[in-house]
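# Descriptive structure summary
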Amino acid sequence: MTVSAKSNGRVILCVDDETTGLSVRKTLLESQGYRVLTAENGPDALVLFSSEDPELVILDYSMPGMNGDIVAERMKELRSDLPIIMLSA
Amino acid sequence: MGAAMIDGPKSMIGSYDYSLVALSVLIAIFASYAALELAARTTAAAKRVRLLWLSGGAISMGVGIWSMHYIGMQAFRLPVPVLYDWPTVLLSLIAAIFASGVALFVVSRKEMGWPQAASGGAIMGGGIATMHYTGMAAMRLPAMCSYDPWLLALSVVLAIVISLAAVWLTFRLREERSASFLWRAGTAIVMGAAIPVMHYTGMAAARFAPSSIPPQMAHAVSTSTLGITGVSAVTLLVLSVAVLTSSFDRRFSLEKLEAENRFRGLLEAAPDAMVAVDRHGKIVFVNAQTKKLFGYERGELLGRQIEILMPARFRGVHVGHRARFVSEPRARAMGAGLELLGMHKNGREFPIEISLSPLQTRDGLVVTSAIRDISQRKALEEDLRAKAEALDAASDAILVADVDERITYWNRSAERIYGWEKSEAIGKVPYDLLRTEFPVLFEEIAKRRAEGGWQGELIHTKRDGTKITVASRWTTLEDHNGKPLGWLEINTDISERKRSEEGLRVLSGQLLHLQDEERRRIARELHDSAGQTLAALSMNLGPLESEDGRIGPIAAKAIKESLSLISGLSRELRTISHLLHPPLLDEVGLASALRTFLEGFTERSNIQVTLEISDDFGRLPRDLETAVFRIVQEALTNVHRHSGSATAKVRITRRGTQLLVEVADRGKGIRPEKQKAMESGAKLGVGIRGMGERVRQLGGNLNITSGGQGTVIVVKLPVVSASSIGA
């Protein structure tokens, strides 16, 4: 884990099948002191979500296999108060 | 008197008032024109009204000739007063009308040759001459009238010749349907000329000698100027009416003719075979389509009996039907509900549909029939019926609903399964009629249906109120343009299967319960019996250990080893007993029992497990607590055995009546092919199957998600009785 700013101890999960965008997001958020978890598909996202308990999830809508809306639905079932940011494009 | 005649041979000189002469010629021409018009109408008219037209024509012409004569006479001035004997005048009028009538009759005949023309002309000319000399005879004046025999003969010959010419022209004119006004006017002038030419020649033949013999004045009347004006006016009026009536009728019949032609054109172009017959069943018209349908050329059918187009066995009956139709003709479809057959020239019979329409024409009643070959439609209907029967034979309930969600088809099995008759179901909304309980939102099903199809389980209510579970398959129906027409729904009654599944579930539930009970018993046995024995053994041996110096070194070693063995055995026993039944679960509740279990697990497996469960979680029904404990136990066993993960996380949350259990690891995940096999239920390990069985037992569901970053098991369980006893 690279921490370039003083860690604030908060965890964000970023999910996108497109890795360039994913790493940009990770870098930007980490520079603000967040711990960033990344997943490139729905199942990984769900595993990380359950095992790491992020406070915020940034989800890409369109992904192969399991779409963002289904991932979000599953997550909301487990934590109804979870904030999710859905990226549509 | 006679002497005076002889003695006084000097003739009286008559003079003419030329304006009246002109009027007389005009009236003659006008009368001829009217007569020509009426002659044409007479020919065109239907039999019934032909006599009417003929009479009208005869009267117009007769009155015309007659008034021409008397106006001509008025134009002739004699130095003595001239009176007329009115019965003779009337007689002359009758002669004129009769002659005109005969002439018109001749020219209105369908066919005319020289003999007819000659006799017609002769009668016409003779009539005119008769009229003239009768009119002359009606003169009452104090003078003797004698005739120059040559001029008299000439006047009669002229009358006949010109009439002949006029009759011939009239006849020719009639042939030319579109004869121009000029043509007709020309003929009228020739004919009109015959009358004055005859008249004035006849007048030239007359010699008036003064006579002292008083004329027979019994019925004599004078022809005053007023009288002549009246005669002219009435004559012109009569002729005008005749001309107007006839031209109106001409236009009307031209339109009728055009309409008839148009009608024929329409019949010709009709997609059906059109066959027209007269009242005797004789074919008078067939269109082009008739040949295609029946194989006969037009010429082979015209004039034949209509029965030629039907199989021989129906012909006799048909003649009777036909006669009845003629006696009461009205447009209708033929033989409603009957199987009608036509017969091709080659003898092939085929099903047809016929509609009849009667038409009154100049030639009498004509019945037109539109005949359509319905073999294809019959075949199609047959096919549809066969398909419908196949659908009826299906054991599944099959229904079709249109875009308005109204039932349009309901097969026999649907009647049997749901108890609703077809007639009751048609037009109803399926999910209203069946009080459908959907597993998901209807919108979701509608969306899937639109995308091609949906299938799943539905709960329906039968007519008698009982509920059944069906496996339902929905398919969207589209027309060839892809426009949705509705959907087809096939429902298989799986209530029976559901019931046996339910039975199986109860059974396996009981098994699980028994298993739990047995484990609890064994655990207790091990703890209470074997454990106590071991404790006693340990207590017995313990004091010996301290007697180190008093016993031999071999015995001392054996005692030491035995104590160690007892200690190991009791630890193992405790572990086994804990695994068999969570210690303290019943007593202290799920949270505490889990914490204790996890400590032992970490110790054994070296996997760091985080448990997230609220301290005031409360108590759940015993079965549920046991199930959750077992699920966590099983899931962690799998993590330990397969994942290679160093950490795991267990999270138990309760939201309302739902309990959520998540067990996540960061291991290598389940291989995709294994995952697929698991989804199909083929290759489930005993552990996962047991887990699934427990979850199903309690009406919940189990979801396993695995990827490159680990695996998460999510279990949702309903909390049936919301008991929340503080820990």
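Residues numbered from 1 in each chain as written. Chains lettered and ligands numbered in written order. Predicted model: local features only at pLDDT ≥ 70, side-chain atom pairs only at ≥ 80, totals over all residues. Heavy atoms only, no water.

### Focus on the overall build of chain B
Put simply, the rule is: Helix and strand labels come from DSSP, where a helix needs a run of H or I of at least four residues and a strand needs a run of E of at least two; each type is numbered from the N terminus. Exposed residues in this analysis have more than 50% of their type's maximum accessible area, buried residues have under 20%, and partly exposed residues fall in between, with area computed by a 1.4 Å probe over protein chains only. The contact criterion used is simple: two residues touch if any of their non-hydrogen atoms lie within 4.5 Å. Only the protein chains shown count as cover for residues, with accessible areas throughout obtained via the Shrake-Rupley method and a probe of 1.4 Å.
Looking only at helices and strands, chain B features 23 helices and 23 strands. In chain B, which comprises 727 residues, the share counted as buried stands at 41%. Summarising the internal contacts of chain B: among those between residues at least 6 apart in sequence, 64% fall at separations of at least 24. Surface summary for chain B: the accessible area is close to 39200 Å², and the carbon and sulfur share equals 60%.

### What about the sheet that holds strand 14 (residues 397-402) of chain B?
The strands making up a sheet associate through backbone hydrogen bonding, with each pair oriented either parallel or antiparallel. Residue and element names in this part refer to chain B. Condition: Strand pairing is assigned whenever DSSP identifies at least 2 bridges connecting the two strands. For helices, the axis comes from a line fit to the C-alpha atoms of the stretch in contact; other axes are also lines fit to C-alpha atoms, and the angle between any two N-to-C directions lies between 0 and 180 degrees.
Strand order in the open sheet formed by 5 strands is 15-14-18-17-16, with antiparallel pairing between adjacent strands. Two strands close off the open sheet at either side, each with one partner strand: strand 15 (407-410) and strand 16 (453-461). Averaged over all pairs of adjacent strands, the angle between strand axes in this sheet comes to 25°, irrespective of strand direction. Note: strand 14 against strand 18 (residues 484-493), 6 bridges, orientation antiparallel. Within the sheet, the bridge partner assigned to Ala401 lies in strand 18 and is Trp487. This element, helix 16 (residues 442-450), spans strand 16, strand 17 (467-478) and strand 18 of the sheet and lies at about 140° to strand 16.

### A look at helix 18 (residues 553-580) of chain B
Residue and element names in this part refer to chain B. Cut-off, in case you're wondering: Expected span of a helix: the number of residues minus one, times 1.5 Å.
Look at helix 18: 40 Å from first C-alpha to last across 28 residues, which is about the 40 Å you get at 1.5 Å a residue. Listing the buried residues of helix 18 in full gives Ala556, Ile559, Leu563, Ile566, Gly568, Leu573, Ser577 and Leu580. Contact partners of the buried residues in helix 18: helix 17 (495-546) and helix 21 (622-643).

### Observations regarding the sheet that holds strand 21 (residues 658-665) of chain B
All names here are of chain B. With mixed pairing, the 5 strands of this open sheet are ordered in space as 19-20-21-23-22. Each edge of the open sheet carries a strand with a single partner, namely strand 19 (608-613) and strand 22 (701-707). On average, each strand axis in the sheet is tilted by 10° relative to the strand beside it, whichever way the strands run. When strand 19 meets strand 20 (residues 647-655), the two strands line up parallel, connected through 6 bridges. From the neighbouring strand, Gln608 faces strand 20, where its bridge partner is Thr647. Along the sheet face, helix 21 touches strand 19, strand 20, strand 21 and strand 23 (710-718) and points at about 15° away from the line of strand 21.

### What to know about the packing of helix 20 (residues 590-605) of chain B against helix 21 of chain B
Residue and element names in this part refer to chain B. Which entries qualify depends on this criterion: An angle below 35 degrees is treated as roughly parallel, one above 145 as roughly antiparallel, one from 65 to 115 as roughly perpendicular, and anything else as oblique. Crossing chirality is assigned from the near helix's rotation relative to the far helix, an anticlockwise turn below a right angle marking it left-handed and a clockwise turn marking it right-handed.
The N-to-C vectors of helix 20 and helix 21 enclose an angle of 15°; their axes lie 11 Å apart at closest approach. On the basis of their axis angle, the class for helix 20 and helix 21 is roughly parallel. Judged by the sense of rotation from one axis to the other, the crossing of helix 20 with helix 21 is right-handed. Contacts between helix 20 and helix 21 involve Leu590, Ala593, Leu594, Phe597, Leu598, Phe601 and Ser605 from the former and Glu625, Val628, Phe629, Val632, Gln633, Leu636, Thr637 and His640 from the latter.

### A look at the interface of chain A and chain B
As a reminder, the rule being used: Note on definitions: buried area is the accessible-area loss of two parts on being combined, 1.4 Å probe, summed for both. When a carboxyl oxygen of Asp or Glu lies within 4 Å of a side-chain nitrogen of Lys or Arg, that pair is called a salt bridge. Each residue is assigned to one class: nonpolar for Ala, Val, Leu, Ile, Met, Phe, Trp, Tyr, Cys and Pro, charged for Asp, Glu, Lys and Arg, and polar for all the others, Gly among them.
With 17 residues of chain A at the contact, the number on the chain B side is 20 residues. In total, chain A and chain B occlude about 1500 Å² of area from one another, counting both sides; carbon and sulfur atoms represent 48% of this. In terms of surface lost to chain B, no three residues of chain A exceed Val47, Glu77 and Leu78 of chain A, which account for 34% of the buried area on that side. For the pair chain A and chain B, the number of links is 5 salt bridges. One salt bridge connects Glu77 of chain A with Lys716 of chain B, and the closest N-O pair in it is separated by 2.4 Å. Secondary structure elements with two or more residues in the side of chain A that touches chain B: strand 2 (35-39), helix 2 (42-52) and helix 3 (68-78) of chain A. Broken down by element, the residue count for the side of chain A that touches chain B peaks at 8 residues, all from helix 2 of chain A. For the side of chain A that touches chain B, the class distribution of residues is 6 nonpolar, 4 polar and 7 charged.

### Observations concerning the environment of Thr436 of chain B
This is how it is decided: As used in this structure description, the phrase polar contact means that two N or O atoms lie within 3.5 Å; if the pair is within protein, one of them must be able to donate a hydrogen and the other to accept it, and residues adjacent in sequence are counted only when both atoms belong to side chains.
Within the secondary structure, Thr436 of chain B is located in the loop between helix 15 (430-433) and helix 16. A distance of 3.3 Å separates a polar atom in the side chain of Thr436 of chain B from a polar atom in the side chain of His460 of chain B.

### Some thoughts on the nonpolar core
All names here are of chain B. Short version of the rule: What we call a nonpolar core is a set of buried Ala, Val, Leu, Ile, Met, Phe, Trp, Tyr and Cys residues that are connected through their side-chain atoms within 4.5 Å.
By size, the foremost hydrophobic cluster in this structure holds 53 residues, and its most contacted members are Ile65, Leu78, Met136, Met139 and Phe208. Only helix 2 (18-44), helix 3 (47-75), helix 4 (86-107), helix 5 (114-137), helix 6 (149-175), helix 7 (181-205), strand 6 (206-210) and helix 8 (225-269) provide two or more residues apiece to this core. By size, the runner-up hydrophobic cluster in this structure holds 35 residues, among which are Leu594, Val609, Leu636 and Ala648.

### Some remarks on the packing of helix 2 of chain A against helix 3 of chain A
All names here are of chain A. Where helix 2 meets helix 3, the closest approach of the two axes is 10 Å, and the angle between their N-to-C directions is 20°. The angle between the axes of helix 2 and helix 3 places the two elements in the roughly parallel class. As helix 2 packs across helix 3, the resulting crossing turns out to be right-handed. Packed against helix 2, whose contacting residues are Gly42, Ala45, Leu46, Phe49 and Ser50, the element helix 3 presents Val71, Arg74, Met75 and Leu78 at the interface. The class makeup of the residues in the contact of helix 2 with helix 3 is 6 nonpolar, 2 polar and 1 charged.

### Brief notes about the packing of aromatic side chains
The following threshold applies: In summary, the pairing rule links any two rings of Phe, Tyr or Trp, Trp by its six-membered ring, whose centres are within 6.5 Å, and it sorts them by plane angle into stacked for under 30 degrees, edge-to-face for over 60 and tilted for everything else.
Inspection of every chain in the model, using the stated rule, returns 17 aromatic pairs over all chains. Grouped by ring-pair contacts, the aromatic residues Tyr431, Phe438, Phe442, Trp454, Trp474 and Trp487 of chain B constitute a single cluster.

### Considerations on the side chain of Asp44 of chain A
Stated precisely, the cut-off is as follows: Residues counted as positive are Lys and Arg, residues counted as negative are Asp and Glu, and His and the chain ends are not counted.
The topology assignment puts Asp44 of chain A in helix 2. Within the buried set, Asp44 of chain A has no salt-bridge partner at all; the shortest N-O distance to an opposite charge, 8.2 Å, is to Arg666 of chain B. Non-local contacts of Asp44 of chain A, meaning those with residues more than four positions away in its chain, are made with Ala39 of chain A together with Gly707, Gly708 and Gln709 of chain B.

### Thoughts on the pairing of strand 12 (residues 349-361) of chain B
As judged from the 4 bridges shared by strand 11 (residues 340-343) of chain B and strand 12 of chain B, these two strands associate in the antiparallel manner. Bridging across to strand 12 of chain B, Gly342 of chain B finds its partner in Phe350 of chain B.

### A look at the pairing of strand 1 (residues 11-15) of chain A
All names here are of chain A. Short version of the rule: By definition, the crossover connecting two strands over a helix is right-handed if that path, from the first strand to the second, turns clockwise as seen with the strands pointing away from the viewer.
Counting buried residues along strand 1, 5 of its 5 residues qualify, which places the element largely inside the surrounding structure. In terms of strand pairing, strand 1 meets strand 2 through 5 bridges, oriented parallel. Counted as the bridge partner of Leu13 is Leu37 from strand 2. Between the parallel elements strand 1 and strand 2, the chain passes through helix 1 (residues 19-31) in a crossover that is right-handed. Sheet topology places strand 1 next to strand 3 (residues 56-60); 4 bridges connect them, and they run parallel. Within strand 3, the residue paired with Cys14 across the bridge is Ile58.

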